[in-house]
Amino acid sequence: MLILNKAAGVFSKPSRREIFEFLRSFNFRPGNVFLHKLVLGIETSCDDTAAAVVDETGNVLGEAIHSQTEVHLKTGGIVPPVAQQLHRENIQRIVQEALSISKVSPSELSAIATTVKPGLALSLGVGLSFSLQLVDQLKKPFIPIHHMEAHALTIRLLNKVEFPFLVLLISGGHCLLALVRGVSDFLLLGKSLDIAPGDMLDKVARRLSLIKHPECSTMSGGKAIEHLAKQGNKLHFDFKPPMQRAKNCDFSFTGLQHVIDKIITQKEKEEGIQKGQILSSAAHIAAAVQHTTACHIAKRTHRAILFCKQRDLLSQSNAVLVVSGGVASNLYIRKALEIVTNATQCTLLCPPPKLCTDNGIMIA
């Protein structure tokens, strides 16, 4: 808690008056009876301001989210001070909305849970400061939440998944494989040695100027790559999956990104177009990069499953692979992982897309 208090001191806190006015805005009729403990979850680790109220049995009573995607699309990436300001402008409204939908007043909460790491420091600070002020006013317990652990355990809201199970977390900011042995017991098997797959796909989309493509102008980079890839030939370019000789479960995406950048530059010269214009081969590049990314992720995951099974770290007959994070919503990558789980007699489980991306439910 000492670390959290030090971190909170770095960021401007909402004033006591603002918190008081926020609490006064709730005028629920007395007499609500809740049989279970109620937790308010607050998530501000990156570019989504999210909150949710969940009871101890896993029932989602109310949730709200404000996405900053449209703003960051214009700047070609997340600008931390901009993300921080948008969190500040929206956090009170989002928390109020989640509580209102759930018909729970702040005084009826049993605890407040908030993402404290990992993530963008400026974004995390907004949620942390708001939460600590609320905790101080309401005299409620505060539960600091690890963002990646929350992603890993979300599946247990929807499926009866017993420990241990293997989890693959793939997003714009993270990439890791871990054996989940308990609620706070994780064995890290592999991680990205450089950038995350979602970050790499976003960079390729920006290099291809897909925001100027009429079909992709409102999509995030990863979504634009997935959409355009359906129109391309994945074998038109021969990109080699990274780390083919590495005898571990780590990942790497920077080298692949550099290779793709060189190909794009070469194709621009061949087609006689300037950087920033759409290549005629953009769909083929999108298909090839998506295919290579899927192969790389699938091969490293296959290796992790075999490692766990050989050492009896996973059930031989009832092994489960959980895949979560924003990139888990990519259906092509998910299909590649399905091939791996079928070949290794594993069950593949993925939360629905809205729970794969950052949300307040997983924190609560």
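Residues numbered from 1 in each chain as written. Predicted model: local features only at pLDDT ≥ 70, side-chain atom pairs only at ≥ 80, totals over all residues. Heavy atoms only, no water.

What follows is about the side chain of Asp 250. Its place among the elements puts Asp 250 in the loop between helix H8 (221–229) and helix H9 (254–271). Buried charged residue Asp 250 carries no salt bridge. Nearest counter-charge: Lys 191, at 4.9 Å. Of note is the side chain of Asp 250, whose polar atom sits 3.0 Å from the backbone nitrogen of Lys 191. Residues contacting Asp 250, with those up to four places away along its chain left out, are Leu 189, Gly 190, Lys 191, Leu 193, Met 243, His 296 and Arg 300. (Helix = DSSP H or I, 4+ residues; strand = E, 2+ residues; numbered from the N terminus. Buried < 20%, exposed > 50% of the residue type's maximum accessible area, 1.4 Å probe, protein only. Lys, Arg positive; Asp, Glu negative; His and termini not counted. Salt bridge = Lys/Arg side-chain N within 4 Å of Asp/Glu carboxyl O. Polar contact = N/O pair within 3.5 Å; in protein donor to acceptor, adjacent residues only side chain to side chain. Contact = heavy atoms within 4.5 Å.)

Here we come to the pairing of strand S6 (residues 165–170). Counting buried residues in S6 gives six out of six residues, a clear majority hidden from the surface. Neither face of S6 is exposed, since Phe 165, Val 167 and Leu 169 on one face and Leu 166, Leu 168 and Ile 170 on the opposite face are all buried. For S6 and strand S7 (residues 175–182), the ladder comprises six bridges, and the chain directions are antiparallel. Bridge assignment links Val 167 to a residue of S7, and that residue is Ala 178. Bridge count for S6 against strand S9 (residues 319–324) is four bridges, and the pairing is parallel. Its bridge partner being in S9, Leu 169 is matched across the sheet by Ser 324. (Pairing = 2+ DSSP bridges.)

Let us look at the packing of helix H7 (residues 197–207) against helix H10 (residues 282–310). Two elements in contact, H7 and H10, have axes separated by 11 Å at closest approach and are oriented at 170°. The angle between H7 and H10 places the two elements in the roughly antiparallel class. Where H7 abuts H10, its residues Pro 197, Met 200, Leu 201 and Val 204 lie against Val 289, Thr 293 and Ile 297. Taken together, the residues of the contact of H7 with H10 sort by class into six nonpolar, one polar and no charged. (Axes fitted to C-alpha atoms, helices over the stretch in contact; angles between N-to-C directions. Parallel < 35°, antiparallel > 145°, perpendicular 65-115°, else oblique. Nonpolar A, V, L, I, M, F, W, Y, C, P; charged D, E, K, R; others polar.)

That is the geometry; function is a separate question.
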